[in-house]
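Residue-level listing of the chains:
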Amino acid sequence: MTMTVAASNRREAPDGRMKSLLDELCRDKAGSAGIVMVVALILMAVAAPLIAPYSPATQDLRARLAPPVWEDNGSWRHVLGTDHLGRDVLSRVIHGSRVSLTVGAAVVLIAGTFGVILGLIAGYRGGRTDSFIMRWIDTQVAFPGLLIALIILAVIGPSMLTVVLVLSLNGWMVYGRLTRGAVLSVRQTAYVEAAEMVGCSSVRVVFRHILPNLTSPLLTLAILEFARIVLAEAALSFLGMGIQPPATSWGLDVATGKNYMFRAWWLVTFPGVAISITVLAINLVASWMRLISDPQEREKQFARQMRALRKKHSPRQLQETTSP
Amino acid sequence: MGRYFLKRLLQGGGVILGVTVLVFVLTRLVGDPVKVMLPLEATAEQRAEFEKQLGLDRPIYVQFVDFMEGLTRLDFGDSLWQRRPAMRIVFEKLPLTLELAFMGIGLAFFLSIPLGIIAALRPGGASDRSTVFLSLIGLSVPQFWLGLLLIVVFAVQLGWLPTSGVDTPAHLIMPTITMALPALARLVMIVRSSMIDELNQQYVRTCFAKGISFYRVVGVHALRNAALPVVTLCGWELIRAVAGYSVVVETVFAWPGLGLTAIQAIEREDLILLQAIVFTVAILVVLINILMDVVYKAIDPRLKLA
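Residues numbered from 1 in each chain as written. Chains lettered and ligands numbered in written order. Predicted model: local features only at pLDDT ≥ 70, side-chain atom pairs only at ≥ 80, totals over all residues.

Caption draft 1: Spatial organisation of the overall build of chain B. On a plain count of helices and strands, chain B comes out with 12 helices and zero strands. Counting from the amino terminus, helix and strand elements in chain B follow one another as α-α-α-α-α-α-α-α-α-α-α-α. Its C-alpha atoms give chain B principal-axis dimensions of roughly 85 × 60 × 30 Å. For chain B, with 306 residues in total, the buried portion stands at 36%. For chain B, long-range pairs separated by at least 24 residues make up 71% of all intrachain contacts whose partners lie at least 6 apart in sequence. (Helix = DSSP H or I, 4+ residues; strand = E, 2+ residues; numbered from the N terminus. Buried ≥ 20, exposed ≤ 12 C-beta atoms within 10 Å, placed from the backbone. Contact = placed C-beta atoms within 7 Å.)

This is the structure we're talking about:
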């Protein structure tokens, strides 16, 4: 079934996989919207000092708690208003994307690498190594993660580095489980056996023959985890145990805005909207990824396409076959 | 069966022991409790006095044995902030946290089933796509922010509900909704996908062919099978609610449960109270896990526990 889908795609897009991937992306509106938003966010984070009208720390004490443009008394000088120190909300939101994306990328990289390596070892070595690693994972999964994270942050002091460390420490287990399961199912296949027969070293077998099979489920998981980490960083910063002032973070800004909630609604609103849009965009990309990389999903999609085609060509015949 | 639960109990004991040792190591070896708990300008004598008072001048292994011995009596010592036994504070706060968690996850469970079924009846249809999109939004909105928005709209602008506190049932409404939303979004997705799978099965067609009514086929025959994964996931959501979300939701609504107390303990650098809270939550997590197994076994007769 999956082969037929691939074949039908090749017919539509003869010049390569990249083109057919783009074709599919264009067909999925939500997925393409997600990709566009993620790319825009990355550009915004990279070029933050160029785009932002002010530096996130610049205080304008004469314009404290200024409302956004469209409110009464709002002015174009501060499009989204200012906070209690007269700092420009728009600039802070733009700069906040840097923290969220950096923490997300760093945690996914660290936790992912660690989890995948342990999962590969567990799945490939098997036996006692496997049961030791799996028991470790089971135990740590049952830990109250957020509370432990809060204790660690309280003891060694909150900062961007410690937030990354703590979130990586809490998040590697999913990668380990997924990798181990996938390795176990690939391990018995003929080509892995053949590679071992030929005399490939175990490192080569693992990285050249087993790991490439895991790319798409791991990529989907990493994107989903990225979204989860952005939310977790925001929550930690909101609780005051994450990014510390004078640094800028969306979660931190919501926390400071909370104190002025009744007078200045824009202080909690805009950073929160920024978090939501970021996470939504990443989630849209993740669900699109799952749709195109999961063979079962592809099968369903193919069935839907065929049904739609049949309907278009002979509506009467279809009615005859389905009516009881 | 008995052996299985013995194994699970041992595993749970391992988790609790692991958490306790980790917390002990973190607070005694990595951090310096005296430095954390005393003000910066404290003199050397004051430090020594305080160390002695807490028994921190003894060798670390003696401290550990003492700590574990206290644990067997559920005695962590007095909270440094409230000057009374930490465990007593925990037992006062625990019911409030459990109430909020059960209300929130219960709400999510009872809403997710009808919503998921409606979406699953016509996959790809308008109601399905809007359900999926709304769930995605529910997954993307930060919980603390949702809580603040609810406060702004329903407490400040409309004045319908109280902003925070625990006095009346009306105080429960917003915290419960905030607690429920992410769980609801995840559960709806699961009900939807497992319901779609079930409705495509042969036995559903057979039921229709026998002339069983639509509502009975969907609501009884298919739902019973589709609900299995949902029950397990509810257990997970309950664990998440107790061990994670409670901190955030309780902070937003000033709900005086374990989560808010944990944050206050951190702010006041009360490591003893914090230890007691983490220990209690670890036990809760293990208990919910075991309970989940029992429930799962009860509703799925095919399952052989191994």
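Caption draft 2: Examining the overall build of chain A more closely. Counting its regular elements, chain A contains 16 helices and zero strands. Taken over C-alpha atoms, the radius of gyration comes to 25 Å for chain A, far larger than the 20 Å a tight globule of 324 residues would show. Overall, chain A is about 75 × 60 × 40 Å in size when its C-alpha atoms are taken along their principal axes. Restricting to contacts in chain A with at least 6 residues of sequence separation, those with at least 24 account for 68%. (Rg over C-alpha atoms; globule rule 2.2 N^0.38 Å.)

Caption draft 3: Main features of the interface of chain A and chain B. Contacts between the two partners involve 34 residues from chain A and, on the opposite side, 38 residues from chain B. Contributing elements (two or more residues each) for the side of chain A that touches chain B: α7 (145-156), α12 (215-238), α13 (250-258) and α14 (265-293) of chain A. In terms of residue class, the side of chain A that touches chain B is made up of 27 nonpolar, five polar and two charged. (Nonpolar A, V, L, I, M, F, W, Y, C, P; charged D, E, K, R; others polar.)

Caption draft 4: Up close: the confidence of the model for chain A. All names here are of chain A. With 90% of its residues at a pLDDT of 70 or more, chain A shows a mean pLDDT of 81. With pLDDT under 50 throughout, residues 1-14 is counted as low confidence; its partners more than four residues away or in other chains account for 15 contacts. This model gives residues 318-324 a pLDDT under 50, and the stretch forms two contacts once residues within four places in sequence are excluded. (pLDDT = per-residue confidence, 0-100.)

Caption draft 5: Broad picture of the nonpolar core. Counting residues in hydrophobic clusters, the biggest one holds 150 residues, and the most contacted among them are I151 of chain A together with I277 and V278 of chain B. A per-element tally of this core places helix α10 (residues 214-253) of chain B first, with 17 residues. With residues near it in sequence (within four places) discarded, I151 of chain A still touches V23, L26, L274 and V278 of chain B. (Core = buried A, V, L, I, M, F, W, Y, C linked by C-beta atoms within 7 Å.)

Caption draft 6: Focus on helix α5 (residues 86-121) of chain B. Helix length check: α5 of chain B, at 36 residues, gives a terminal C-alpha distance of 52 Å against a target of 52 Å (1.5 Å per residue), a fit within 8%. A maximum bend of about 35° is found in α5 of chain B at K93 of chain B, where proline P95 of chain B lies one to four positions downstream. (Expected span 1.5 Å × (residues − 1). Bend = angle between axes of the 7 residues up to and from the residue.)

Caption draft 7: Representation of unusual backbone geometry within the structure. Here the residue pair P245 of chain A and P246 of chain A is connected by a cis peptide bond, since its omega of 10° sits within 30 degrees of zero. Take P246 of chain A: it is sitting in the loop between α12 and α13. You will see that A254 of chain B, though not glycine, has its phi angle at about 50°, which is positive. Of the residues examined, A254 of chain B has 13 C-beta atoms within 10 Å and is grouped as partly exposed.

Caption draft 8: Seen up close, the confidence of the model for chain B. Looking at chain B, the pLDDT average stands at 82 and 94% of residues meet or exceed 70. Prediction confidence for the complex, expressed as pTM and ipTM, is 0.83 and 0.84 respectively.

Caption draft 9: The arrangement of the environment of G171 of chain A in detail. Residues and elements named next belong to chain A. Mapped onto the elements, G171 comes out in helix α8 (residues 160-171). Residue classification places G171 among the buried residues on the basis of 21 C-beta atoms within 10 Å. Counting along the chain gives 58 residues from G171 to I229, while the straight-line C-alpha distance between them is 8.7 Å. For G171, the residues in contact, after removing those within four places along its chain, are V107, A111, E225 and I229.

Caption draft 10: Up close: the environment of A195 of chain A. Residues and elements named next belong to chain A. Looking at the secondary structure, you find A195 in helix α10 (residues 190-198). Of the residues examined, A195 has 19 C-beta atoms within 10 Å and is grouped as partly exposed. Separated by 14 residues in the primary sequence, A195 and H209 place their C-alpha atoms 7.8 Å from one another. Sequence-distant contacts of A195, that is, excluding residues within four places in its chain, are made with C200, V205 and H209.

Caption draft 11: Structural context of the environment of P67 of chain A. Residue and element names in this part refer to chain A. Relative to the assigned elements, P67 resides in the loop between α4 (48-51) and α5 (89-125). On the basis of neighbour counts, which here come to 19 C-beta atoms within 10 Å, the residue P67 falls in the partly exposed class. Along the primary structure P67 and G127 are separated by 60 residues, whereas in three dimensions their C-alpha atoms are 64 Å apart.

Caption draft 12: Structural detail: α8 of chain A. Residues and elements named next belong to chain A. Here α8 spans 16 Å end to end across 12 residues, near enough to the 16 Å set by a 1.5 Å rise per residue. Inspection of α8 places V163, V164, V166, L167, S168, N170 and G171 among the buried residues, and these make up the whole buried set. Those residues of α8 that are buried are in contact with α5, α7, α9 (173-187) and α12.

Caption draft 13: Here's a closer look at the packing of α8 of chain A against α12 of chain A. Residue and element names in this part refer to chain A. Two elements in contact, α8 and α12, have axes whose closest approach is 11 Å; the angle formed by their N-to-C orientations is 130°. Considered as vectors, α8 and α12 are oriented oblique to each other. Seen along the crossing, α8 lies across α12 with a hand that is right-handed. Residues V163, L167 and G171 of α8 form the contact with α12, whose participating residues are E225, I229, A232, E233 and L236. (Axes fitted to C-alpha atoms, helices over the stretch in contact; angles between N-to-C directions. Parallel < 35°, antiparallel > 145°, perpendicular 65-115°, else oblique. Left-handed = near helix turned anticlockwise from the far one by under 90°.)

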